[in-house]
Amino acid sequence: MRITCFGAARCVTGSCFLLDNGRRYLVDCGLFQGGKEMEKRNFEPWGFHPGDISAVFLTHAHIDHCGRLPKLVRDGFRGRIYTTLPTAELCKILLLDSAHIQEVEAELQTRKNRRRGRPDIAPLYTIADAEKCFPLFEVVPRDELIRVDSRLGVCFRNAGHILGSSILEIWSGPPSTAYKVVFSGDLGRKNQLIVQDPQSIFTADALFVESTYGNRNHKSFEASTAELLEAIRFSYQHQEKVIIPAFAVERTQELLYVIGEFFRDGLIPSMPVYLDSPLAIAATEIFRNMREYYDEEATAMVKSGRDPFAFPQLVLSRTAEESVKINRTPGPAIVIAGNGMCTAGRIKHHLKHNLWRNGVSLVIIGYQPAGTLGRRLVEGERTVKVYGEKIIMRARVFTIGGFSAHADQSLLLDWLAQFRNPNMSVYVIHGEPRVSESFAALVNAHFGFPTHVPTIGEAISLPPSEAKAVLAEPPEHMREDWSAQFIKKVQTLQSLLATSPPEVQSDLWRQIEGDLNRIGADLDTVLKEAGKKRSRA
């Protein structure tokens, strides 16, 4: 099998990996973001023919992972897009929003060009192109092996990054000798609000792992909420606004969750909280409808009758007129608007009207790629351009890492520590060059895994399945301990199911059904292979 990196290699955007095992598949098809030079890549040739792609395996709905799907379809792709239900539903609104932005930006540039006697600009893709993607989505369950064809299988595991995000386990070749590749996707944090923790993976022959925060650790969630409280109280004291650029998916819902708790606990005075993003409003409604994907805490909140994303002070701004009124309304307020990198959307209007004001808080809670306005603000530029106008920077900037939906260095290492194949090859992706290189060196030093940081356009030929590594044989006493513990856990589970009330049985079964099916399938395979070996002995 050969894997070619067409994005998210020595950069954090444009995730796109071509798998070729005789048939061709893509893992992700994301938009390049982060300044003009990076965004030019969206218009470059694919490096392959989209019509030759049999299927796309989509890790999650963020636009840097799904944002070029409409272009792929327009250019000839007719296969299936395999992903989870939340990802499919979120992609529909995100791709339509992205297409609208592409159309508007192309129209604005075309007007400028005509005044200068230059040719018109075509959008990267249109709303009609985005809509043509939707019939191609094929929703797959988590934790089940999907046989795409006789020589390729894929399983979607929970990545804990955003709702529906997935780690991909991919097996290439005949089942008995398959070569296993794992794509981490974007890994989330443990104990993150709303979503369940990332799932551990134990075996792989090759691993493609993200490294967005591979060189540093986040502040604790407690420290981050305390800093958010400080920002809100600071601006309230000065009767000014708190401006929060936020991604529409996951980050916005976490903010609503936390700010609602602040009000309920009496930690901040009452003030309007404007959710000034039609996209974020739509995404929040999808979150409400996907409660089976919540973690235990969010599930308990819903069962108690509370909506994690609603409180009396929340004001939904759907129209442009409602958005304009926010900056005409004096007094303290919290404004959440997109996009999270400050490169487009309503947030730019709020920055233009507020960055120059003393007492304003600018709260940055998401990763800011190089070349973005958000990155320049984080790095402390004293004057920035917004809509071509120079704005002096007087707002107080709070950079709060604990709300990040990405695992930090420590959590990435903890996740990698679960792999049991000492000869697994690790390819470090989805990080800025120096970050990926330092993380690759750290992984090699910690675990001894051979590591490599690929570049865009690099093709990686993976060894044949016959050369795959075999797990080290555990000592006899350890095998006996594991067997005894497994039997004991099965007996405990049987007892719980037999003696618990029906509602407890239902909840318990919902939590473990997928894992039990997976374990059962794995055991069936192992027993079948063992039977064959014994008959040949």
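Note that the structure is predicted; figures quoted are calculated from it, not measured.

**Examining empty space enclosed by the protein**
Scanning the entire structure with this criterion turns up 2 cavities of 30 Å³ or more. In this structure, the largest cavity spans a volume of roughly 80 Å³. Around the largest cavity, the lining is made up of 14 residues, and of these Ser 15, Asp 28, His 65, Gly 185 and Ile 429 lie nearest the centre. A per-class count over the lining of the largest cavity returns 5 nonpolar, 6 polar and 3 charged. Arg 142, Asn 158, Ile 162, Leu 163, Gly 164, Val 195, Gln 196 and Tyr 293 together form the lining of the second largest cavity.

**Here we look at the confidence of the model for the chain**
Predicted confidence across the chain gives a mean pLDDT of 90, with 89% of residues reaching 70 or more. Taken together, the stretch residues 464-481 has pLDDT below 50 and engages in 16 contacts with residues farther than four places along the chain or on a different chain.

**Here we look at helix α7 (residues 251-264)**
Between the first and last C-alpha of α7 there are 20 Å, a value that for 14 residues agrees with the 20 Å anticipated at 1.5 Å per step. Most of α7 is tucked away, with 12 of its 14 residues classed as buried. Burial in α7 covers these residues: Arg 251, Thr 252, Gln 253, Glu 254, Leu 255, Leu 256, Tyr 257, Val 258, Ile 259, Gly 260, Phe 262 and Phe 263. Positive backbone phi, at 70°, marks Gly 266, one or two positions downstream of α7.

**Digging into unusual backbone geometry**
Here the residue pair Gly 338 and Asn 339 is connected by a cis peptide bond, since its omega of 10° sits within 30 degrees of zero. Among the structural elements, Asn 339 can be located in the loop between β15 (333-337) and α11 (347-354). Look at Arg 10: it is not a glycine, yet its phi comes out positive at around 60°. In this fold, Arg 10 is placed in the loop between β1 (2-5) and β2 (17-20). Under the relative-accessibility criterion, Arg 10 is labelled partly exposed at 26%.

**Overview of the pairing of strand β8 (residues 152-158)**
Within β8, 7 of the 7 residues are buried, which leaves it mostly tucked inside the rest of the structure. By the alternation rule, side chains of β8 split into Leu 152, Val 154, Phe 156 and Asn 158 and Gly 153, Cys 155 and Arg 157, which are all buried. Bridge count for strand β7 (residues 146-149) against β8 is 3 bridges, and the pairing is antiparallel. By the bridge assignment for β8, Ile 146 is matched with Val 154. Taking the residues that link successive antiparallel strands as the turn, the β7-β8 hairpin has 2 residues. In this sheet, strand β9 (residues 166-172) lies alongside β8 in antiparallel orientation, the contact comprising 7 bridges. Looking at the pairing, Asn 158 lines up with Ser 166 of β9.

**A few points about helix α4 (residues 85-115)**
Across its 31 residues, α4 extends 46 Å between first and last C-alpha, which sits within 8% of the 45 Å expected from 1.5 Å per residue. The largest bend in α4 is about 25°, located at Cys 91. At the C-terminal side of α4, Gly 117 shows a positive phi close to 75°.

**Observations regarding the side chain of Asn 21**
With respect to the helices, strands and loops of the structure, Asn 21 is situated in the loop between β2 and β3 (24-27). Its relative accessible area of 16% is what places Asn 21 among the buried residues. A distance of 3.3 Å separates a polar atom in the side chain of Asn 21 from the backbone oxygen of Arg 151. Among the polar contacts listed, one links the side chain of Asn 21 to the side chain of Ser 172, at a separation of 3.2 Å. Residues in contact with Asn 21, not counting those within four places in the same chain, are Met 1, Arg 151, Leu 152 and Ser 172.

**Points about the sheet that holds strand β12 (residues 241-245)**
Sheet strands associate in pairs through backbone hydrogen bonding, adopting either a parallel or an antiparallel arrangement. Pairing within the open sheet is parallel, and its 6 strands lie in the order β14-β13-β15-β12-β16-β19. One side of each edge strand has no neighbouring strand; the edge strands of this open sheet are β14 (314-316) and β19 (396-399). Recorded for the sheet is a direction-independent mean angle of 20° between the axes of neighbouring strands. Strand direction decides the pairing type here: strand β13 (residues 273-276) and β14, joined by 3 bridges, are parallel. Directly across from Tyr 274, in β14, lies its bridge partner Val 315. Helix α6 (residues 221-237) rests against β12, β15, β16 (361-364) and β19 of the sheet, and its axis sits at about 165° to β19. Of the strands in this sheet, β12, β13, β14 and β15 are in contact with α7, which crosses β15 at around 165°.

Procedures and definitions
Residues numbered from 1 in each chain as written. Predicted model: local features only at pLDDT ≥ 70, side-chain atom pairs only at ≥ 80, totals over all residues. Heavy atoms only, no water. 1 Å grid on protein atoms, 1.4 Å probe; cavity = no way out; pocket = protein on both sides within 12 Å on 5 of 7 lines; lining within 4 Å. Points joined across faces, edges and corners; volume = space filled by probe spheres on them. Nonpolar A, V, L, I, M, F, W, Y, C, P; charged D, E, K, R; others polar. pLDDT = per-residue confidence, 0-100. Contact = heavy atoms within 4.5 Å. Helix = DSSP H or I, 4+ residues; strand = E, 2+ residues; numbered from the N terminus. Expected span 1.5 Å × (residues − 1). Buried < 20%, exposed > 50% of the residue type's maximum accessible area, 1.4 Å probe, protein only. Pairing = 2+ DSSP bridges. Bend = angle between axes of the 7 residues up to and from the residue. Polar contact = N/O pair within 3.5 Å; in protein donor to acceptor, adjacent residues only side chain to side chain. Axes fitted to C-alpha atoms, helices over the stretch in contact; angles between N-to-C directions.

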